[in-house]
Amino acid sequence: MKGNKLTSLAAFVGLATLGMGSQSYGQQSTRGAENFLTIEQIIEKVRADYPGEIIEVEREKEEGKMVWEVKVKDKDGKEWEIYYDASTGKKLKSEPES
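Because the structure is predicted, anything quoted here is derived from the model rather than measured. (Residues numbered from 1 in each chain as written. Predicted model: local features only at pLDDT ≥ 70, side-chain atom pairs only at ≥ 80, totals over all residues. Heavy atoms only, no water.)

(A) A look at the sheet that holds strand β3 (residues 79-85). Spatial ordering of the open sheet is given by β1-β2-β3-β4, a layout of four strands whose pairing is antiparallel. Edge positions in the sheet fall to β1 (53-62) and β4 (91-96), since each of these pairs with one other strand and no more. Here the average twist between neighbouring strands, direction ignored, is 20°. Of the pairings in the sheet, the one linking strand β2 (residues 65-73) to β3 comprises seven bridges and is antiparallel in character. Each residue of the ladder has a partner; that of K71, found in β3, is E81. Against the sheet, helix α2 (residues 39-49) engages β1, β2 and β3, with an angle of about 125° to β1. (Pairing = 2+ DSSP bridges. Helix = DSSP H or I, 4+ residues; strand = E, 2+ residues; numbered from the N terminus. Axes fitted to C-alpha atoms, helices over the stretch in contact; angles between N-to-C directions. Contact = heavy atoms within 4.5 Å.)

(B) Region of interest: the side chain of D85. When you line up the elements, D85 lands in strand β3. Relative accessible area serves as the criterion here: at 8%, D85 is assigned to the buried category. At a separation of 2.9 Å, a polar atom in the side chain of D85 contacts the main-chain amide nitrogen of T88. Those residues in contact with D85, other than ones at most four positions away along the chain, are K65, M66, K90 and L92. (Buried < 20%, exposed > 50% of the residue type's maximum accessible area, 1.4 Å probe, protein only. Polar contact = N/O pair within 3.5 Å; in protein donor to acceptor, adjacent residues only side chain to side chain.)

(C) Just the nonpolar core, in detail. Among the nonpolar cores identified, the biggest contains 16 residues, and I42, V46, I54, V57, W68, V72 and Y84 are the most heavily contacted of them. Those elements that provide at least two residues to this core are α2, β1, β2 and β3. Discounting residues that sit within four places of it in the chain, I42 has contacts with L37, V57, W68 and Y84. (Core = buried A, V, L, I, M, F, W, Y, C linked by side-chain atoms within 4.5 Å.)

Below is the structure:
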């Protein structure tokens, strides 16, 4: 069962990366993609900060700034949204999923 979860996460990460790549080029015309943490880097950071199951990872613009939004399910089954600055990896906020 654990292998299936890892395979699913790997497939999701691969698909998410492809989707974000095509979506982000137009939005980043003045900045290179190398200025942002990769999806692999942000997943590593989230795992260190929040033990639990990573449900979704998405890079988006929030209040004029590129951020990584990560949804995590904690050991009690509660879902959280955690936001990281896409350039620095600094945690901006975390809040329970509503």
